[in-house]
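# Chains, contacts and geometry: an overview
Each chain is listed here by its residues.
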Amino acid sequence: MDSLRKMLISVAMLGAGAGVGYALLVIVTPGERRKQEMLKMPLQDPRSREEAARTQQLLLATLQEAATTQENVAWRKNWMVGGEGGAGGRSP
């Protein structure tokens, strides 16, 4: 009888823990409307659009420069600086 009581208490504790975990998951997870807002936010703000375009331009310029030079541009401290920007002698 004592082992049955311990088993029921263990099952009840596990169920309570699972219930609390599920409740926290439901509270933290955003709803469908919020998900849609989060997906379209960067596209609607003009400043964010400009920043994304500038970042893409910098990335493409870095890739183009990396394709045309022997320097390992990944070692640069400041990626916005050309050629002598701080490779520190670690280029191959």
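Residues numbered from 1 in each chain as written. Predicted model: local features only at pLDDT ≥ 70, side-chain atom pairs only at ≥ 80, totals over all residues. Heavy atoms only, no water.

### Thoughts on the overall build of the chain
In terms of regular secondary structure, the chain is built from three helices and zero strands. Overall, the chain shows an N-to-C arrangement of helices and strands of α-α-α. Relative to its full complement of 92 residues, the chain shows a buried share of 7%. Counting only carbon and sulfur atoms, one obtains 64% of the accessible surface of the chain, whose full area is about 8,100 Å². (Helix = DSSP H or I, 4+ residues; strand = E, 2+ residues; numbered from the N terminus. Buried < 20%, exposed > 50% of the residue type's maximum accessible area, 1.4 Å probe, protein only. Areas by Shrake-Rupley, 256 points an atom, 1.4 Å probe, with all protein chains shown as cover.)

### Section: a nonpolar patch on the surface
A cluster of nonpolar side chains, namely Met1, Leu4, Met7, Leu8 and Val11, defines an oily patch on the protein surface of about 570 Å² accessible area. Within the secondary structure, leucine 4 sits in helix 1 (residues 2-28). Among the residues examined, leucine 4 registers a relative accessible area of 41% and is labelled partly exposed. (Patch = residues over 30% accessible without salt bridge, like charges linked within 9 Å, V, L, I, M, F, W, Y side chains within 5 Å. Salt bridge = Lys/Arg side-chain N within 4 Å of Asp/Glu carboxyl O.)

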